[in-house]
There are 2 protein chains.
Amino acid sequence: MTNVGAHPEHRTRISPMPLRARPLGIHTLDEPVAFMRTDCHVCRSEGLSSRSRVLLRSGDRTVVATLYQVSSDLVAVDEVGLSEAAWSLLGVVHGNPITVHHPDPLTSFAHVRSRIFGNRLSPGQFREILDDVAARRYSSVETTAYLVSGSSFPLDEAETVALTRVMVDLGETLTWPNTPIVDKHCVGGLPGNRTTPIVVAIAAALGLTMPKTSSRAITSPAGTADAMETLAPVDLDLPAIRRVVEREGGCVVWGGAVGLSPADDLLIRVERVLDLDSEGQLVASVLSKKIAAGATHLVLDIPVGPTAKLRTAAAGEALAGRLAAVADQFGIATRVVITDGTQPVGRGIGPALEGRDVLAVLQQTPGFPEDLRARACALAGAVLELSGKASPGEGVVIAAQTVANGRAWAKFQAICEAQGGLRTPPTAPYQHSLTALSYGRVTSIDNRRIARVAKLAGAPGSKSAGVEMHVRLGDEVSSGQPLYTIHAETPGEIEYSLDYVAAKPDIVGVGGA
Amino acid sequence: MTNVGAHPEHRTRISPMPLRARPLGIHTLDEPVAFMRTDCHVCRSEGLSSRSRVLLRSGDRTVVATLYQVSSDLVAVDEVGLSEAAWSLLGVVHGNPITVHHPDPLTSFAHVRSRIFGNRLSPGQFREILDDVAARRYSSVETTAYLVSGSSFPLDEAETVALTRVMVDLGETLTWPNTPIVDKHCVGGLPGNRTTPIVVAIAAALGLTMPKTSSRAITSPAGTADAMETLAPVDLDLPAIRRVVEREGGCVVWGGAVGLSPADDLLIRVERVLDLDSEGQLVASVLSKKIAAGATHLVLDIPVGPTAKLRTAAAGEALAGRLAAVADQFGIATRVVITDGTQPVGRGIGPALEGRDVLAVLQQTPGFPEDLRARACALAGAVLELSGKASPGEGVVIAAQTVANGRAWAKFQAICEAQGGLRTPPTAPYQHSLTALSYGRVTSIDNRRIARVAKLAGAPGSKSAGVEMHVRLGDEVSSGQPLYTIHAETPGEIEYSLDYVAAKPDIVGVGGA
């Protein structure tokens, strides 16, 4: 039996006329969006409607975009308007011809649907899904479904290992001639926790190799890359990173410029919108970047506190266990340090303010934030012990000596010079202090809300903006004593953050005597 | 101990200047979108970024929208551009002042997160979630997370009952003086399955009350409301529905105009994008509308076939069982009819073509589609038996008599007149037949692909467009014999559907002799 079903005979295929590309200057984060007239011939002939997914083609480049139809003169009937993401991915100039079609069916989404209904995924299925995510063929709705499918019914260890492997394979990788290659990672959520530059300086000063790639803030007031950028350039490409690390033993650069895990960068944006981390995805996200960076020894900082990301020690230890088990499968030795997450770290919250804290610790400036120094030395000590540079129990002492004797500061200056030159963090032109209303003792500091104040003041977009803390838990304060100072680049941003403070009077809780 | 923490003193709150509303004519389905300049004072002072959720206020109306920032002259620096959905929900005119703020935190999303992590939801939690969905405070990403949270870890019966109740409470409800109130519902997925108008005509002709609200197509070539609209007006409000039903005993109207389950209408759009029905959500969706319409007796048509929505009898029966169990909790008697879903029903696929099939059956026109008549009579027979109008086993006979003796046709005409006047379905100006290439027997018809051909030809937007089937499974065909005819309102749409047919030669499978 052969299939001889109907097909159309004796006709010429009418190729759809291309539309002309038009930039609309619309920022959608990284989601490509196309705007076409409802009455354009392509919408009619292709049967397209608003929110259809469309395949845009210009030359040999293609992008899958979400379509919004337009019934105004925003675009002409023979034009396709493009969001900035679609525009840059297609690499077009105004007026370039673009053809628009239905995209191929998203076959990997069948795996997501299968997982939603309780089936585990094979390495091959993860690969198909992540390939499509990395190629931006998933809309935010489809990405959400994928992420939730791994939360409700958690990934097991085999799936987490498979996912980690796929995420490594999708990106660039760094290899180094010698081992150990040390790394550290903080499982987020604590304002001002800017230990990384100090840890790298200590480790490199003692001869270890620590090629550190860090992230920028997405929803927080500063990522390590944002803070480091106030001290030195961080947008280095792979050859530049290699040069810095070969010369100085360490670096602190922005990982997003390198593409160690391109799918992860896209997934993280949706996770942050949802404020939803599934353990499996989190483990794969963290470890894929460490594996890609060539790490052999990894210290994990897991702050635990009522307003930190992890609220109980049990939750922190469970996550630590999964991270260590999966890392082990990739030959990475790990050590977990559960740290105090009850209040912000150091004084500054915001890129430049955190940069200044780092400098104060390394330079041993009088009045430097002792808590930041202690945390950084604890983590550096763990790095030293894990990699065999220090005997058990001695790491923190050696780390502290390396700060005290100025070797860490000398190494940090050398790293900054190698990355393009040491910078002085900027100072905000507008500042406003919040004061205690009466005598009392500081009983609570809400990490999430103080971070929000810093963001409303302009951090991380405005480098000098943020919050400078003057008190820590347990401090006694008298009436009129400053609790914290808001820093901003405009008076409006000061006002706006003060509106928020007025609505949330318990950001810094002060108990009466 | 009292909380006497910091607050800002002695300052005047600076109220943000409103922006001017500007309509952009952008269609986003029902998702409100706002477009604001990156450099506008509100974006800066509120710390807004692209994809932020923003609260738009005009007078006493508010809408939560997704923000896209703009760096072009699409909008002025003191304007906020609005999608059509945002525009109509705010009820503004060009230039009206609109203030823009951060929206209140979406507290009900904590329940979604909780469910994602394996906790069941209480009736009160479902109410908070669905309240926010109905008020359009959920973005499509958040809606997706909610929907998937009920798929991966399926809703139990108590949750399904709670959800159904909440969805009923959110919408309008109809009450009727007498019982029984009969209804039918098809759990989708079969092109041309347009039995509803015939079943209503039979039931009403025999004195039953059947106030039928139907849906329009979202991803299919025609919904019952689309097909019925080619025969009579369907956009009736609640008083008009009441008048028609009091006079004629039945109606076939569009439920979307009535608002029986407003949250469901928003959820369904996302479900269709994902092609994902969770059983609990599906059951609540179907039953909430039946309960709101006042139904006491409900017949469920569940087509099963390899290219239907439900692919196995076991899947059909499992769904039927859950539907019946939940309906029972609301005092609704149900009967499930598992029907043949291996091929399209009747001849026509598309609004007018299906309308014509309905007329042919009711008028007993020579050559009427016998399969459609038989299905409609089987379902009407189940309605008659379930409601006590016929003894077990006699329903189908009485239904068939009611069609044969013209009483169903007379009742249908009366219903159409009561709804605003009987119409003649339009005929498409362009038609193209697909023919068999050689002698053989029809071995398969792909429901999903034939539906796609009808949509590419313009259905349901173009009322007369679609596909007219000439063969059924098992038919012998000779070379050159027409298998089906594409109907369209433009030559381009004929061409476009033919392109698809050329790429998918096995839409109608013909086995060689």
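Residues numbered from 1 in each chain as written. Chains lettered and ligands numbered in written order. Predicted model: local features only at pLDDT ≥ 70, side-chain atom pairs only at ≥ 80, totals over all residues. Heavy atoms only, no water.

A.B. asks: Kindly report on the overall build of chain A, identifying the contributing residues and their values.
C.D. replies: Scanning chain A from N- to C-terminus turns up 18 helices and 19 strands. Its C-alpha atoms give chain A a radius of gyration of 26 Å, within 12% of the compact-globule value 24 Å for 513 residues. Oriented by its inertia axes, the alpha-carbon framework of chain A measures out at about 90 × 50 × 45 Å. Classification of the 513 residues of chain A by burial places 58% in the buried group. Carbon and sulfur atoms make up 51% of the accessible area of chain A, which amounts to about 18500 Å² in all. Charged side chains of chain A number 48 positive and 53 negative; the gap between the two group centres comes to 1 Å. (Helix = DSSP H or I, 4+ residues; strand = E, 2+ residues; numbered from the N terminus. Rg over C-alpha atoms; globule rule 2.2 N^0.38 Å. Buried < 20%, exposed > 50% of the residue type's maximum accessible area, 1.4 Å probe, protein only. Areas by Shrake-Rupley, 256 points an atom, 1.4 Å probe, with all protein chains shown as cover. Lys, Arg positive; Asp, Glu negative; His and termini not counted. Charge placed at Lys NZ, Arg CZ, Asp CG, Glu CD.)

A.B. asks: Break down the pairing of strand 19 (residues 508-512) of chain B for me, with residues and values.
C.D. replies: Consecutive residues of a regular strand have side chains that alternate between opposite faces of the sheet. All names here are of chain B. In terms of burial, strand 19 is a largely internal element, four of the five residues being buried. Two strands pair when backbone bridges link them, and strand 15 (residues 440-445) and strand 19 are joined in this way by five bridges, in the antiparallel orientation. Its bridge partner lying in strand 19, Gly440 is registered against Gly512. (Pairing = 2+ DSSP bridges.)

A.B. asks: Summarise the interface of chain B and chain A; cite the residues concerned and give the values.
C.D. replies: Taken together, the contact pairs 81 residues of chain B with 81 residues of chain A. Applying the counting criterion to the chain B and chain A interface returns two salt bridges. Among the salt bridges present, the one from Glu31(B) reaches Arg51(A), with a minimum N-O distance of 2.9 Å. Applying the counting criterion to the chain B and chain A interface returns 18 residue pairs in polar contact (both at pLDDT 80 or more). Here the side of chain B that touches chain A takes eight residues from helix 18 (residues 491-503) of chain B, the largest share from any one element. Across the side of chain B that touches chain A, the residue classes tally to 35 nonpolar, 28 polar and 18 charged. (Contact = heavy atoms within 4.5 Å. Salt bridge = Lys/Arg side-chain N within 4 Å of Asp/Glu carboxyl O. Polar contact = N/O pair within 3.5 Å; in protein donor to acceptor, adjacent residues only side chain to side chain. Nonpolar A, V, L, I, M, F, W, Y, C, P; charged D, E, K, R; others polar.)

A.B. asks: Please set out the environment of Tyr430(B) residue by residue, giving values where relevant.
C.D. replies: Residue and element names in this part refer to chain B. When you line up the elements, Tyr430 lands in strand 14 (residues 430-435). Tyr430 sits in the partly exposed class, given a relative accessible area of 37%. Separated by 64 residues in the primary sequence, Tyr430 and Ile494 place their C-alpha atoms 7.3 Å from one another. Other than its neighbours up to four places away in sequence, Tyr430 contacts Ile486, His487, Ala488, Glu489, Thr490, Pro491 and Ile494.

A.B. asks: Can you tell me about the packing of aromatic side chains, naming the residues and giving the values?
C.D. replies: In this structure the tally under the stated criterion is five aromatic pairs over all chains. With a centroid separation of 5.9 Å and 65 degrees between ring planes, the pair formed by Phe35(A) and Tyr68(A) is classed as edge-to-face. Separated by 33 residues along the polypeptide, Phe35(A) in strand 3 (residues 33-37) and Tyr68(A) in strand 5 (residues 61-70) bring together distant segments of the chain. Just as Phe35(A) is buried, Tyr68(A) falls in that class too. An aromatic cluster is defined as three or more aromatic residues linked by ring pairs; in this entry it consists of Phe35(A), Tyr68(A), Phe35(B) and Tyr68(B). Against the face of Trp254(A) rests Arg216(A), its NZ or CZ located 4.6 Å from the ring centre. (Phe/Tyr/Trp six-rings, centres within 6.5 Å; stacked < 30°, edge-to-face > 60°. Lys NZ or Arg CZ within 6 Å of the ring centre and 35° of its normal.)

A.B. asks: Go over the side chain of Thr485(A), please, and point to the residues and values.
C.D. replies: Residues and elements named next belong to chain A. Position of Thr485 relative to the elements: it lies in strand 18 (residues 482-488). Since its relative accessible area comes to 5%, Thr485 is described here as buried. Within the structure, the side chain of Thr485 is placed 2.7 Å from the side chain of Ser433, a separation counted as a polar contact. In this structure, Thr485 is in contact with Gln431, His432, Ser433, Gly466, Val467, Glu468 and His470, ignoring residues within four places of it in sequence.

A.B. asks: Talk me through the sheet that holds strand 15 (residues 440-445) of chain A; I want residue IDs and the actual numbers.
C.D. replies: What links the strands of a sheet is backbone hydrogen bonding, and the strands pair in either a parallel or an antiparallel sense. Across the sheet, three strands lie side by side as 17-15-19 (chain A); this open sheet has antiparallel pairing. Sheet topology places strand 17 (476-477) and strand 19 (508-512) of chain A at the edges, where each strand pairs with a single neighbour.

A.B. asks: So what's going on with the pattern of salt bridges? Which residues, and what values?
C.D. replies: The final tally for this structure, using the stated rule, is 56 salt bridges over all chains. In this structure, Asp132(B) and Arg137(B) form a salt bridge, with 2.6 Å as the shortest nitrogen-oxygen distance. Looking at Arg137(B), the relative accessible area reads 35%, which means it is partly exposed. Put simply, Arg449(B) and Asp506(B) hold a salt bridge, and the shortest N to O gap is 3.1 Å. Of the two residues, Arg449(B) sits in helix 17 (residues 447-456) while Asp506(B) sits in the loop between helix 18 and strand 19, which places them 57 residues apart along the sequence. Take Arg449(B): its relative accessible area is 25%, and that puts it in the partly exposed class. Several salt bridges converge on common partners, so that one network encompasses Arg216(A), Asp226(A), Glu229(A), Asp235(A) and Lys463(A).

A.B. asks: Provide a residue-level description of the packing of helix 10 (residues 262-274) of chain B against helix 11 (residues 279-292) of chain B, including the pertinent values.
C.D. replies: Residue and element names in this part refer to chain B. Where helix 10 meets helix 11, the closest approach of the two axes is 11 Å, and the angle between their N-to-C directions is 145 degrees. Pair helix 10 / helix 11 crosses with left-handed handedness. Mapping the contact onto sequence places Asp264, Asp265, Leu267, Ile268 and Glu271 in helix 10 and Gln281, Ser285 and Lys289 in helix 11. Taken together, the residues of the contact of helix 10 with helix 11 break down into two nonpolar, two polar and four charged. (Axes fitted to C-alpha atoms, helices over the stretch in contact; angles between N-to-C directions. Left-handed = near helix turned anticlockwise from the far one by under 90°.)

A.B. asks: An account of the relation of the copies chain B and chain A is requested, with residue identities and associated values reported.
C.D. replies: Superposition of the two copies of the chain requires a rotation about an axis and a shift along the axis. Rotating chain B by 180 degrees about the axis while translating it 0.0 Å along that axis superimposes it on chain A, leaving an RMSD of 0.1 Å. Here the symmetry operator amounts to a two-fold rotation axis. When each C-alpha of chain B is compared by its distance to the rotation axis, Val141(B) comes out closest, at 2.6 Å. A share of 100% of the interface residues of chain B reappears at the interface of chain A, consistent with the copies meeting face to face through the same patch. (Least-squares fit on C-alpha atoms with pLDDT ≥ 70 in both.)

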